[in-house]
Amino acid sequence: QVHLVESGGGLVQAGGSLRLSCAASGRTFSSYDMGWLRQTPGKEREFVAVISSGARTVYADSVKGRFTISRDNSKNTVDLQMNSLGPEDTAVYYCAAAAQTTIIRNSGADYWGQGTQVTVSS
């Protein structure tokens, strides 16, 4: 069982940066692939980034070069550094844990956080 809690969302102007953090409970954190997904009203939840248990990363094309996902297994955390934000990045961001990266890349997860709102003003 993994419990996920996100933090770090907020309001930022276009071109700005935010760092999201996800704290996980559970002794098996290091064995999970971790990721971030986002959702806007009326749309399906979409994949943003994933980092495997072996620290391999994959990004959605829409955030490649702007977002960086990282994990610290000693602290049971996974972060998402978001730079050059635009209004199109406005969404609720969810932390996700899964046994396989393909689950997260397909916008699924074994465990979800409660979500944190990111709003980018133009």
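Above: the structure in question.
First, a word on what this report is: a plain description of the structure on this page. If you're wondering where the values come from, they're calculated on a predicted model, not measured in any experiment.

### Describing the sheet that holds strand 7 (residues 67-72)
A sheet is described by the order of its strands in space; here 4 strands give the open sequence 1-3-8-7, paired in antiparallel fashion. Lying at the two open borders of the sheet, with one neighbouring strand each, are strand 1 (3-7) and strand 7. Ignoring strand direction, the axes of neighbouring strands in this sheet form an average angle of 15°. In terms of strand pairing, strand 3 (residues 18-25) meets strand 8 (residues 77-82) through 6 bridges, oriented antiparallel.

### A few points about the state of the cysteines
Summed over the entire model, instances satisfying the criterion amount to 1 disulfide. Bridging cysteine 22 to cysteine 95, the disulfide has an S-S length of 2.1 Å. What sets the handedness of the cysteine 22 and cysteine 95 disulfide is the S-S torsion sign, and at about -85° it is left-handed. Taken together, the residues span a long stretch of sequence, with cysteine 22 in strand 3 and cysteine 95 in strand 9 (residues 91-98) at a distance of 73 residues. A residue is classified by how much of its surface remains accessible, and cysteine 95, at 0% relative accessible area, is buried.

About the criteria used
- Residues numbered from 1 in each chain as written.
- Predicted model: local features only at pLDDT ≥ 70, side-chain atom pairs only at ≥ 80, totals over all residues.
- Heavy atoms only, no water.
- Pairing = 2+ DSSP bridges.
- Helix = DSSP H or I, 4+ residues; strand = E, 2+ residues; numbered from the N terminus.
- Axes fitted to C-alpha atoms, helices over the stretch in contact; angles between N-to-C directions.
- Disulfide = S-S within 2.5 Å.
- Buried < 20%, exposed > 50% of the residue type's maximum accessible area, 1.4 Å probe, protein only.

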